[in-house]
Amino acid sequence: MNVYLDDTQREKLAELHKETGAPVAEHVRRAVDNYLEKHGKGKDATKGKKQE
């Protein structure tokens, strides 16, 4: 999977990396997790549901 970010997004993520030491990829994963959780598709959304 490829994700394309604009220049500003890349710059802001690079700033977060410098401030926190966490890799940019980790910040992206956290953002995706937050987005999925907000839309009811988070990691816990499938608990208790039958997987096909």
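The sections below set out a description of the structure shown in this document.

Conventions used here
Residues numbered from 1 in each chain as written. Predicted model: local features only at pLDDT ≥ 70, side-chain atom pairs only at ≥ 80, totals over all residues. Heavy atoms only, no water. Helix = DSSP H or I, 4+ residues; strand = E, 2+ residues; numbered from the N terminus. Buried < 20%, exposed > 50% of the residue type's maximum accessible area, 1.4 Å probe, protein only. Areas by Shrake-Rupley, 256 points an atom, 1.4 Å probe, with all protein chains shown as cover. Salt bridge = Lys/Arg side-chain N within 4 Å of Asp/Glu carboxyl O. Contact = heavy atoms within 4.5 Å. Axes fitted to C-alpha atoms, helices over the stretch in contact; angles between N-to-C directions. Parallel < 35°, antiparallel > 145°, perpendicular 65-115°, else oblique. Nonpolar A, V, L, I, M, F, W, Y, C, P; charged D, E, K, R; others polar. Patch = residues over 30% accessible without salt bridge, like charges linked within 9 Å, V, L, I, M, F, W, Y side chains within 5 Å.

Our next topic: the overall build of the protein. When helices and strands are counted, the protein shows two helices and zero strands. When the 52 residues of the protein are sorted by exposure, 8% land in the buried category. Per element, the accessible surface of the protein, about 5,000 Å² overall, is 52% carbon and sulfur.

Counted under the stated rule, the structure contains four salt bridges. Salt-bridge contacts for arginine 30 lead to glutamate 26; the nearest nitrogen and oxygen are separated by 3.0 Å. Placement of the pair is arginine 30 and glutamate 26 together in helix 2 (residues 24-38), with a separation of four residues, close to one helical turn. You can call arginine 30 partly exposed: its relative accessible area is 43%. Note on glutamate 26: relative accessible area 24%, which makes it partly exposed. Connected through salt bridges with shared partners, the residues Glu26, Arg29 and Arg30 form a single ionic network.

This next bit is on the environment of leucine 13. By secondary structure assignment, the location of leucine 13 is in helix 1 (residues 7-20). Discounting residues that sit within four places of it in the chain, leucine 13 has contacts with Leu5, Val24, His27 and Val28.

Take the packing of helix 1 against helix 2 next. At their nearest, the axes of helix 1 and helix 2 sit 9 Å apart, and the two run at 110° to each other. As judged from the angle between their axes, helix 1 and helix 2 are roughly perpendicular. When helix 1 is examined against helix 2, the residues Leu13, Ala14, Leu16, His17 and Thr20 are found in contact with a partner set consisting of Val24, His27 and Val28. Taken together, the residues that form the contact of helix 1 with helix 2 break down as five nonpolar, three polar and no charged.

Here the focus is a nonpolar patch on the surface. Residues Val32, Tyr35 and Leu36 make up a contiguous nonpolar surface patch of about 280 Å² in total accessible area. Looking at the secondary structure, you find valine 32 in helix 2.

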